[in-house]
Amino acid sequence: MERDSFVVAVVGATGAVGREMLKTLKARNFPACEIIPLASSRSAGTKVPYGDDELVVRELGEHSFEGVDIALFSAGGSVSEEYAPIAARSGCVVVDNSSAWRMDEETPLVVPEVNPHDLDWHKGIIANPNCSTIQMVVVLKPIHDAATIRRVVVSTYQAVSGAGQKAMDELTDQVKKMYNFDMESIDPKYFQYRIAFNCLPHIDRFLENDYTKEEMKMVHETRKILGDDSIGVSPTAVRVPVYIGHSESVNIETVDKLSARDCRALLSQAPGITVQDNPEENIYPMAIEAVDEDATFVGRIRDDETIANGLNMWIVADNLRKGAALNAVQIAETLVERELVRVP
């Protein structure tokens, strides 16, 4: 296909991630001749921004993908399960942001800075990983290549936007009520307890092993993306009262020795990473500075003094951008670069 000849659909275009996908496609000048926003019947006919223009939202249906080359999905797992196969049968390549296809053995799970080669065996559907997994594996990849990772212990500090716009609205509403000493009217709907000025060690449902589904996503997805089932991953996922930007405290044990100094130099040269690490000047990544940024930020890199080959670090990224929309668009860009915009 010639450049500027791709027809791109965005499924779930009226949601927070869908809007970010449209914003990212425009900002990165993705080679598209047409952008088609798709959503449910209740949103059909409304408009969504695309650069300085507006696009009219169309209703998602079985015939929505005729003539479409690439479809970016961000409308939830049930929508992806129903419509992604329909899109693929129409000859469209799907990049799906839900968890529906991530652990399917025939579906590549891709972070372009880490495993772009896995796109070569796609069969029409490509999975976008979980937001907390994406930013972590971007940093883990060069370390694993250099020193072989044996074990990762990660605690996440995840923004409320990961639960959607209504969760962001709930945080705002609760903060306003607390400011006005109106505590009795606070009624959590999207979180188990009050999120304002609180931290909730509970994201998604609890499983039989007492880990949450969100935590186990990080275990399985990290191994699949890095192509190494031997890596131990011990996660704790926490929701914090931040609007945008996930942060992670990560402890890494490697087979070979990699000093903090060498790790800092290694990550400074790695794609997609910005190192912010100068404790003397109080320089380290923060969620408020990651908003609307493409990079994954890493700092507080230091040796773990309790084991021979250990490192500690702090990783931050915009969860709506790199954790969702940007990664999906980067997958689409890589499909174009590798001439894989087709269904085998």
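For the structure, see preceding data.
(A) Region of interest: the overall build of the protein. Across its full length, the protein holds eight helices and 14 strands. For a compact globule of 344 residues, the expected C-alpha radius of gyration is about 20 Å, and the protein comes in at 20 Å, within 12% of that figure. Projected onto the principal axes, the alpha-carbon positions of the protein cover approximately 60 × 55 × 40 Å. When each of the 344 residues of the protein is scored for burial, the buried share is 52%. Charge-centre separation for the protein: the mean point of 34 positive side chains lies 2 Å from the mean point of 53 negative side chains.

(B) Layout of the nonpolar core. If you look at the biggest cluster of nonpolar residues, it comprises 54 residues, and the most contacted ones within it are Phe65, Ile143 and Met313. With eight residues, the top contributor of residues to this core is helix H3 (residues 131–147). When sequence neighbours within four positions are dropped, the list of residues in contact with Met313 reads Val139, Ile143, Glu248, Ser249, Val250, Ile252, Cys263, Val298, Gly299, Arg300, Ile301 and Arg302. Membership of the second largest hydrophobic core comes to 32 residues, among which are Val48, Val57, Leu72 and Ile331.

(C) Molecular detail of unusual backbone geometry. Phi is positive for Asp204, close to 75°, though the residue is something other than glycine. Here Asp204 lies in the loop between helix H4 (165–179) and helix H5 (213–226). Judged by its relative accessible area of 33%, Asp204 falls in the partly exposed class. Phi is positive for Glu339, which is not a glycine, with a value near 55°. By secondary structure assignment, the location of Glu339 is in the segment after helix H8 (321–337).

(D) Quick look at the pattern of salt bridges. In this structure the tally under the stated criterion is 17 salt bridges. Here Glu333 makes a salt bridge to Arg28, at a shortest N to O gap of 2.8 Å. Separated by 305 residues along the polypeptide, Glu333 in helix H8 and Arg28 in the loop between helix H1 (16–27) and strand E2 (32–39) bring together distant segments of the chain. Given the relative accessible area of 16%, Glu333 is considered buried. The class of Arg28 is partly exposed, set by a relative accessible area of 30%. Here Glu113 and Lys322 are joined by a salt bridge, their closest N and O atoms 2.9 Å apart. Separated by 209 residues along the polypeptide, Glu113 in the loop between strand E7 (93–96) and strand E8 (125–127) and Lys322 in helix H8 bring together distant segments of the chain. Of the two residues, Glu113 and Lys322, both sit in the buried class.

(E) Spotlight on the sheet that holds strand E9 (residues 149–158). On the basis of which strands lie adjacent, the open sheet formed by six strands has the order E10-E9-E11-E14-E13-E12 and mixed pairing. This sheet does not close on itself; its edge strands, each paired only once, are strand E10 (232–239) and strand E12 (273–275). When strand polarity is set aside, the average angle formed by the axes of neighbouring strands in this sheet is 20°. Sheet analysis places strand E13 (residues 296–303) next to strand E14 (residues 310–317), joined by five bridges and oriented antiparallel.

(F) Representation of the sheet that holds strand E5 (residues 58–59) within the structure. The six strands lie next to each other as E5-E2-E1-E6-E7-E8, forming an open sheet whose pairing is parallel. For this open sheet the edge positions go to E5 and E8, each flanked by a neighbour on one side alone. In the sheet, E2 pairs with E5 via two bridges, with the strands oriented parallel. Its bridge partner being in E5, Ala39 is matched across the sheet by Glu59. Seen against the sheet, H1 touches strand E1 (6–11), E2 and strand E6 (70–73) and runs at an angle of roughly 155° to E1. Of the strands in this sheet, E1, E6, E7 and E8 are in contact with helix H2 (residues 77–89), which crosses E6 at around 175°.

(G) Representation of the environment of Asn319 in the model. Structurally, Asn319 is set in the loop between E14 and H8. The sequence separation of Asn319 and Leu38 amounts to 281 residues, and the corresponding C-alpha distance is 22 Å. Apart from the residues within four sequence positions on either side, Asn319 is in contact with Cys131, Ala159, Ser161, Gly162, Ile244, Gly245, His246 and Ala324. Looking at Asn319, its side chain comes within polar contact range of the main-chain nitrogen of Gly245, at 2.8 Å.

(H) Fine view of the packing of H3 against H8. Where H3 contacts H8, the two axes come as close as 8 Å, and the packing angle between them is 85°. Considering their axes alone, H3 and H8 lie roughly perpendicular with respect to each other. The residues of H8 that touch H3, namely those facing Cys131, Ile134 and Val138, are Lys322, Gly323 and Asn327. A class-by-class count of the residues in the contact of H3 with H8 yields three nonpolar, two polar and one charged.

Thresholds, definitions, all that
- Residues numbered from 1 in each chain as written.
- Predicted model: local features only at pLDDT ≥ 70, side-chain atom pairs only at ≥ 80, totals over all residues.
- Heavy atoms only, no water.
- Helix = DSSP H or I, 4+ residues; strand = E, 2+ residues; numbered from the N terminus.
- Rg over C-alpha atoms; globule rule 2.2 N^0.38 Å.
- Buried < 20%, exposed > 50% of the residue type's maximum accessible area, 1.4 Å probe, protein only.
- Lys, Arg positive; Asp, Glu negative; His and termini not counted.
- Charge placed at Lys NZ, Arg CZ, Asp CG, Glu CD.
- Core = buried A, V, L, I, M, F, W, Y, C linked by side-chain atoms within 4.5 Å.
- Contact = heavy atoms within 4.5 Å.
- Salt bridge = Lys/Arg side-chain N within 4 Å of Asp/Glu carboxyl O.
- Pairing = 2+ DSSP bridges.
- Axes fitted to C-alpha atoms, helices over the stretch in contact; angles between N-to-C directions.
- Polar contact = N/O pair within 3.5 Å; in protein donor to acceptor, adjacent residues only side chain to side chain.
- Parallel < 35°, antiparallel > 145°, perpendicular 65-115°, else oblique.
- Nonpolar A, V, L, I, M, F, W, Y, C, P; charged D, E, K, R; others polar.

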